[in-house]
Amino acid sequence: ETTSWARLHESRGSLTAWLLMGVGAAYLLWSLLKLFRQKRHVHFHLHDGDTAHAHVHDHGRLIHMHVHPKARLTPWVLFAIFVFGPCESLIPLMLSGFALGGAPAMFWVALLFSGATVMTIILSVAALLAGIRKVSLRFLERYAGAAAGFSLILCGAAIRFLGL
């Protein structure tokens, strides 16, 4: 007999994928509505020293303003979705660590796995940013939100239907 905890564990990858697709669809629709409802759009820029500012275009006049970053809900929603994500490769590693060295070894395996995962993400994003800064994509800036939503949908679909 399968317990409710086991059923939840078995379905969390699928649940994460559906949540990711749902957030992506909502963000895509919101971005498209915003894009087509407003004639005004904003171009955000980061300069040396991480100074952020934006140029607001009103099809004919340019307004310059400085933007102070605010806390947003989107990163926290994505964080919550990925917390539910499967880490099946970590489970056997932790069990092996426990079998070989007890709880301290299991702790170190989890810590090293987490550190390696975070560093891989940081280095991948840094490399992508270094490369993308060399390409001028200003004509696509107004579609960035829609592209982000669409990419979230694709990631969720890949997890759900391709088992990635």
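Residues numbered from 1 in each chain as written. Predicted model: local features only at pLDDT ≥ 70, side-chain atom pairs only at ≥ 80, totals over all residues. Heavy atoms only, no water.

A. The arrangement of the overall build of the protein in detail. Helix and strand content of the protein: 4 helices and 3 strands. Listed by position from the N terminus, the elements making up the protein come as α-β-β-β-α-α-α. Classification of the 164 residues of the protein by burial places 17% in the buried group. Summing over all exposed atoms, the protein offers an accessible surface of approximately 12500 Å²; the carbon and sulfur share of this is 71%. (Helix = DSSP H or I, 4+ residues; strand = E, 2+ residues; numbered from the N terminus. Buried < 20%, exposed > 50% of the residue type's maximum accessible area, 1.4 Å probe, protein only. Areas by Shrake-Rupley, 256 points an atom, 1.4 Å probe, with all protein chains shown as cover.)

B. Molecular detail of the packing of aromatic side chains. As enumerated under the stated definition, the model contains 3 aromatic pairs in all. Their ring planes at 90° and their centres at 5.9 Å tell us that W18 and F161 sit as a pair that is edge-to-face. Of this pair, W18 sits in helix α1 (residues 4-37) while F161 sits in helix α4 (residues 144-162), and the two are 143 residues apart along the sequence. On the accessibility criterion, W18 (46% relative accessible area) is partly exposed. (Phe/Tyr/Trp six-rings, centres within 6.5 Å; stacked < 30°, edge-to-face > 60°.)

C. Layout of a nonpolar patch on the surface. Together, I121, V125, L129, I132, V135, L137, F139, L140 and Y143 line one region of the surface with nonpolar side chains, adding up to about 790 Å² of accessible area. Looking at the element boundaries, V135 is found in the loop between α3 (90-132) and α4. (Patch = residues over 30% accessible without salt bridge, like charges linked within 9 Å, V, L, I, M, F, W, Y side chains within 5 Å. Salt bridge = Lys/Arg side-chain N within 4 Å of Asp/Glu carboxyl O.)

D. Seen up close, the confidence of the model for the protein. For the protein, mean pLDDT is 76; residues scoring 70 or higher make up 67% of the total. Per-element confidence in the protein ranges from a low mean pLDDT of 49 for strand β3 (residues 62-66) to a high of 90 for α4. (pLDDT = per-residue confidence, 0-100.)

E. The environment of R160, seen in detail. Here R160 shows up in helix α4. In the structure, R160 is positioned 147 residues away from G13 in sequence and 7.5 Å away in space, judged by C-alpha atoms. When near neighbours in sequence (up to four residues on either side) are disregarded, R160 contacts S14, A17, W18 and M21. Here S14 takes part through its side chain, which lies 3.4 Å from a polar atom of the side chain of R160. (Contact = heavy atoms within 4.5 Å. Polar contact = N/O pair within 3.5 Å; in protein donor to acceptor, adjacent residues only side chain to side chain.)

F. How the structure looks around α3. Across its 43 residues, α3 extends only 32 Å between first and last C-alpha, which sits more than 12% below the 63 Å expected from 1.5 Å per residue. G101 marks the point of greatest bend in α3, at about 140°, and the proline P104 comes within the next four residues. Here α3 has its buried residues at L90, G97 and A110. (Expected span 1.5 Å × (residues − 1). Bend = angle between axes of the 7 residues up to and from the residue.)

G. Seen up close, the side chain of S31. Counting through the fold element by element, S31 comes out in helix α1. Here Y27 takes part through its backbone oxygen, which lies 2.8 Å from a polar atom of the side chain of S31. Ignoring any residue separated from it by four or fewer positions in sequence, one finds S31 in contact with G145 and A146.

H. Summary view of α4. With 19 residues, α4 extends 26 Å from end C-alpha to end C-alpha; this agrees with the ideal 27 Å at 1.5 Å per step. All buried positions along α4 are accounted for by G145, A146, G149, L152, G156 and A158. Just downstream of α4, G163 is the residue with a positive phi angle, here 70°.

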